[in-house]
Each structure stands twice: as structure tokens, then as C-alpha cells.
Amino acid sequence: MKPIALVPLDSRPCCRSFPESIAAIGGFRLLTPAVERLGRFMTPGDCSAVRDWLREAASQADGIVVAADQLAYGGLIASRTCERSFEQAMETLDVLREIKERYPSKPIYVSSVLMRITVTGKNALFAKYWKLVADYARLYDRVHRLQESGLEEELARVRSQIPKEVLEDFFRARERNKLVHLKLIEWAGAGVIDYLAITQEDASPVGVHIPEQHELQRVMYEQRAQAKTILYPGADEAAQTLLARMMQTLSGRRVKVYPRFSSEAGKLTIPAFEDRPVEETVRAHLWSAGAIVVGAAQEADLILSVNPPMSGKPDCGQETHGLKACFDSRHMLTDLVESARYDMLQGRRVAVADVAMPNASDVELVRYLLDERLFTGLTAYAGWNTAGNTLGTCIAHAVARTLQTMGASSSNKTEADTEHYSFLLSRLMDEWGYQAQARGEVNGWISEQGLSGSPWDLESDYDRVNSKAAEIVRQLFDKTKRQLLGPVFPAAGGAGGAIIGAELDTVRLPWNRTFEAEVRVRVSLADDGDPTTV
């Protein structure tokens, strides 16, 4: 198994354990730093320790994937503060130049986050500033770049409600991060970095990030780095995306993907927290992942079926009740699911990117897939957080699975199959089980119990809330388990067989908040893929 060294963005499961599973599915061995070095929530990672680890790991790896924000600042949340200067950030990032000089033939892929248009909601007070700073960032762009009249008074009013030090820290961090991006683009142009993905964190079609994007794109042109750099919506998933690219590079294969949308109008919808139509985001993620976008299913190794955003649907990240569903006759689930059924029966691989709403699976879609026993036949599924986050995970998983079923890796087939189904069902119980159902109930329970903490910061109530979250998810799993066992729907690439056992191995809140959970399901498969052993 070829080794790949990967520096995660931070210690959350989506950044650290998702890539480990995806690498195993594709038949690669992932080297990552000890989780203690990556920090936790508001505590930054140890940049120097991560740099030293990377220097050593590079000697053992065939390829290197680095989330620059961990190496430069200590993680995503740390990248939004000014605790480390530009000079300090470059001191630890400089290990990339050192590695390239020492191992010029080893590919280095780097992701770096273009800062969101607001601050971190680290506590109740900053949750208030979260909205105010976002409003200010959008108004500032409309007044100063777009020259919209009549907004000056509103801009001044919003600014007056934000403490001066909060706003100054926000803009200082943006400026420092931009300087780091410019240096990384320069390195891409010079060949130090073989591929650079700058991912736009939570944003909107207007805001202070737009002029920054324009400047970075101009420098990509000036540095003749257009073939080696890309800028598109995303953040937490970027290392997974570049891992998919690295697996294809090291296996000498590129996966051909046909993106299919269940709604023509949906293609043009701008997802919440993003700045462009979802069709553009889908294509950017596929190219960043190293795939080839093709125009027909017959040409493709993989069909990426997109459940597109529905306009006006609320953020599901902090809700306290209600199903995460559209219940709209224009939500074309029949087209998506029945087309997927037909394609799989024709021997095609199908992955489902569920971006209908932010921060949760679409429960209507998942119920349809489960009731028709189609879910376990998918090559990949994701439905978490932003559209970009979902796309990155879905595409990376699907690319890894496709490489494995195409015979592009020398991995043990049984181990790769087990990891694939385990990860697929983990996504189900995380994004459909926890995020779409349990999280709202947990948030409501916190309020009903009168706990001192909040969903943003559990304070001293972590143990009680963590136990409640695990209890709800386990109940959901017990109710759903019978729909997951048995012969899987005929899947492409010769994969098939049956799931004869599934256990909910882990349910926990990795950080001191309810926003995300670590959910792991472990499966056992029939020997030699023989469904008669069920």
C-alpha cells in the first residue's frame, strides 16, 4: 500500500478520520500527525510539532497533502485570529520548500482557506457578533466595490454595534491570510507546490472576500500558475479532495465523472454560505479532485448525482425541532432515485451528493433510498455542512471506491470493501441520523433542561450532552439497522455481496459543542461476497 503523508486542517473527524477511511478504501496508507498536535476547538494546534512531523513523514511518503492553515496557524479556527504573525506562519510553512528541495519528484498538494466573512461563534457573545460582522462584510462590499447608494447609514449603524477590537482583529487576520495565499501561489508558479486549492470558507455572492478573490486570481495569472491553482467554495473537506487527486496521481489513473442534476433550476441555485451557482462548485470540486468531467453517462466511470439546493431553505445547524425536508413538489426525488436505480442496474457507479439544504441530510431523499434498499448500492453518499463540504467528501469517497473497483489499487479487496461500507453507513448515521435528526433534539433538550452551556459552547455540561446525543443516535440506528443488512443492491465494478452485521461503534461530540459529531459504523460482510451466507 503506497503511503501518503497528510496534514489535516484540524482535529475534527471530517478533517482527520474521513481521509483515513478514504485512503483505506482506495488502497493507500495514510500517515497523519498525532491528534494531540492538531489542537481542539479554541486551542490551536502545535505548528512547530506538525512541521517537524511532516519533515520526517515526507521521507516515508510517496506523496504529500497539506492543509496549510494547520501548519501556518494551528487550524481553521486559529486562522481567523491574529495570534500568529505572517512571519511566524511562513516560518513553519517553509518546510514545504525544504521538502521539495530534498524530494523533488514527490508531489506536494496544498489547500488553504480564504477566510469566511465573519468571526467564529465561540460563545454566546460572539454568536451575536457572528451575524453583525457578516452583515458588515456584505454591506462594506456593496458600498465600496459595487458603489450602491443609500447604504452608508446602514453600514455605519452595523459598525457601531461591533466592538472596535473585534472588527480590527477580523480585518488584520484577513490581510495576513491574503499575504500567505499570495506566497503559496508564488510557490505553485515556481514548482514548490504541485497543486494549490484555495477554498472559500462560508461566504455569499457579495462581501469583502470578493475583491480578495479577484486579486488572488490575478496573481495566479501573473505567476503562470493557472494549471496548478484553483479557487472555489469549501474548507473542511479540502484535504479529502486533494487526497483523491493524489490517489489518482500515484495510481496513474484518472476517474471520468458525469455530474447529473435532478433539476435544471437547481443547477443555478446558489447554496447557503456560498457565492456561486452549485453547478460551478460541482465542476470545480471535480477538477480539484483530479477527475475528468465528461458530458455523458456512457463515457463515465462514475455518475455524480446531485440533489441540488432548494431556494429559501433555512440553515439546519442550530435548529431545535422539525424535519430536515423540503416537502415541495418541485423537489424531484423520483428523478434522482429512479435514475440512480436504472444506472446501477446497468452496471454504472453512482454517488449521491446531497446538498439540498445546509448542515443536514435531506430526510425525504434518504428515506426513499433506504425504503427501496438502494442506499448500500451507492458508490458514495454525503450530506453534511455546506455544499462544498458535502461535495468534497462525496467525490473523494467515490473516487477512492472507483479506483479500487477498477483494479487501480493493489489493496486487499475484502478490507477495502469493509471500509467502504463502514464509511458509507457512517455517513448515513452522522448526516441523516445525527445532523438531520438528533442534533435538533439535543439542542432543544439543552434549553429544556436549563443547562448553563449552549449548543455553541457546552461549558461544563459536555458529558451530559454527549450522553444524550449518543442515546438518540443509537435509538435511530436500532430502528434503521434492518434496512441496512442483507444483499446490497447490485453495484458497479463487480462489487456486491451482503452486509451480515453492522454495529454503531462510536457516537461522540469531538468538540465542546453540538455542531458536529463523530459517528462510526463498522460492518461485517459475507465471505467472498456470497449473499447466501446471510
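Computed from a predicted model, the values in this text were never measured in an experiment. (Residues numbered from 1 in each chain as written. Predicted model: local features only at pLDDT ≥ 70, side-chain atom pairs only at ≥ 80, totals over all residues. Heavy atoms only, no water.)

Here we come to the overall build of the protein chain. The secondary structure content of the protein chain amounts to 17 helices and 14 strands. In terms of overall size, the protein chain behaves like a compact globule, its C-alpha atoms giving a radius of gyration of 22 Å where 534 residues would be expected to give roughly 24 Å. Taking the principal axes of its C-alpha atoms as reference, the protein chain extends roughly 70 × 60 × 45 Å. When each of the 534 residues of the protein chain is scored for burial, the buried share is 64%. Relative to all contacts within the protein chain whose residues are 6 or more apart in sequence, the contacts with residues 24 or more apart total 77%. Accessible surface computed for the protein chain: about 20,100 Å², of which carbon and sulfur atoms make up 47%. Charged side chains in the protein chain number 62 positive and 71 negative. The centres of these two groups are separated by 2 Å. (Helix = DSSP H or I, 4+ residues; strand = E, 2+ residues; numbered from the N terminus. Rg over C-alpha atoms; globule rule 2.2 N^0.38 Å. Buried < 20%, exposed > 50% of the residue type's maximum accessible area, 1.4 Å probe, protein only. Contact = heavy atoms within 4.5 Å. Areas by Shrake-Rupley, 256 points an atom, 1.4 Å probe, with all protein chains shown as cover. Lys, Arg positive; Asp, Glu negative; His and termini not counted. Charge placed at Lys NZ, Arg CZ, Asp CG, Glu CD.)

With that settled, consider the sheet that holds strand 3 (residues 63–67). The strands making up a sheet associate through hydrogen bonds between their backbones, and the pairing can be parallel or antiparallel. Taken together, six strands build an open sheet; the order of strands is 2-1-3-4-5-6 and the sheet is parallel. The open sheet has two edge strands with one neighbour each: strand 2 (28–31) and strand 6 (229–233). In this sheet, adjacent strand axes meet at a mean angle of 20 degrees when their direction is disregarded. In the sheet, strand 4 (residues 108–114) pairs with strand 5 (residues 195–200) via six bridges, with the strands oriented parallel. Along strand 5, the bridge assignment pairs Ser112 with Ile198. Seen against the sheet, helix 9 (residues 209–222) touches strand 4, strand 5 and strand 6 and runs at an angle of roughly 165 degrees to strand 6. (Pairing = 2+ DSSP bridges. Axes fitted to C-alpha atoms, helices over the stretch in contact; angles between N-to-C directions.)

Overall, the prediction assigns the protein chain a mean pLDDT of 93, with 93% of residues at 70 or greater. For residues 529–534, every residue scores under 50 in pLDDT, and the model assigns this stretch nine contacts once sequence neighbours within four places are set aside. (pLDDT = per-residue confidence, 0-100.)

Take the pattern of salt bridges next. Summed over the entire model, instances satisfying the criterion amount to 42 salt bridges. Of the charged contacts, one joins Glu419 and Arg522 as a salt bridge, the two residues approaching to 3.6 Å between their closest N and O atoms. Here Arg522 lies in strand 14 (residues 518–525) and Glu419 lies in helix 16 (residues 413–449), a separation of 103 residues in the sequence. Taking relative accessible area as the criterion, Glu419 reaches 14% and is therefore assigned buried. A relative accessible area of 36% means that Arg522 is categorised as partly exposed. Of the charged contacts in the structure, one is a salt bridge between Glu503 and Lys481, with a shortest N-O distance of 3.2 Å. A residue pair is termed long-range when its members are at least 10 positions apart, and Glu503 in strand 13 (residues 498–508) and Lys481 in the loop between helix 17 (462–480) and strand 12 (486–487) qualify at 22 residues. (Salt bridge = Lys/Arg side-chain N within 4 Å of Asp/Glu carboxyl O.)

Moving on: the side chain of Thr390. Note on placement: Thr390 falls in helix 15 (residues 387–405). When sequence neighbours within four positions are dropped, the list of residues in contact with Thr390 reads Ala353, Asp354, Val355, Ala382, Gly383 and Trp384.

Moving on to helix 2 (residues 47–57). When we look at burial in helix 2, the residues that qualify are Cys47, Ala49, Val50, Arg51, Trp53, Leu54 and Ala57. Next to the buried residues of helix 2 lie strand 1 (2–7), strand 2, strand 3, helix 3 (68–73), helix 4 (86–93) and helix 5 (95–102). A side-chain oxygen of the first residue of helix 2 lies 3.3 Å from the backbone nitrogen of Ser48; this N-cap is Asp46. (Polar contact = N/O pair within 3.5 Å; in protein donor to acceptor, adjacent residues only side chain to side chain.)

A word on unusual backbone geometry. The backbone phi angle of Arg224 is positive, close to 55 degrees, even though this residue is not glycine. Here Arg224 shows up in the loop between helix 9 and strand 6. Positive phi values are uncommon outside glycine, yet Glu459 reaches one of about 50 degrees. Counting through the fold element by element, Glu459 comes out in the loop between helix 16 and helix 17. In this structure Glu459 comes out as partly exposed when scored by relative accessible area, which is 46%.

Okay, the nonpolar core next. Considering soluble globular proteins, one finds that nonpolar side chains tend to be buried as a cluster. Residues Ile4, Val65, Leu243, Met247, Val282, Leu286 and Leu304 are the most contacted members of the largest nonpolar core, which totals 57 residues. Here this core gets nine residues from one element, more than from any other, and that element is helix 15. Beyond its immediate sequence surroundings of up to four residues, Leu286 is in contact with Val257, Pro259, Ala291, Val293, Leu304 and Ile395. The next biggest cluster of nonpolar side chains, apart from the first, holds 55 residues, and it includes Val350, Leu425, Leu451 and Leu458. (Core = buried A, V, L, I, M, F, W, Y, C linked by side-chain atoms within 4.5 Å.)

Structurally, Asn385 can be placed in the loop between strand 11 (380–382) and helix 15. The exposure class of Asn385 is buried, given its relative accessible area of 12%. At 3.2 Å, the side chain of Asn385 and the side chain of Asn389 are in polar contact. For Asn385, the residues in contact, after removing those within four places along its chain, are Asp236, Met357, Pro358, Asn359, Ala360, Gln435 and Phe515.

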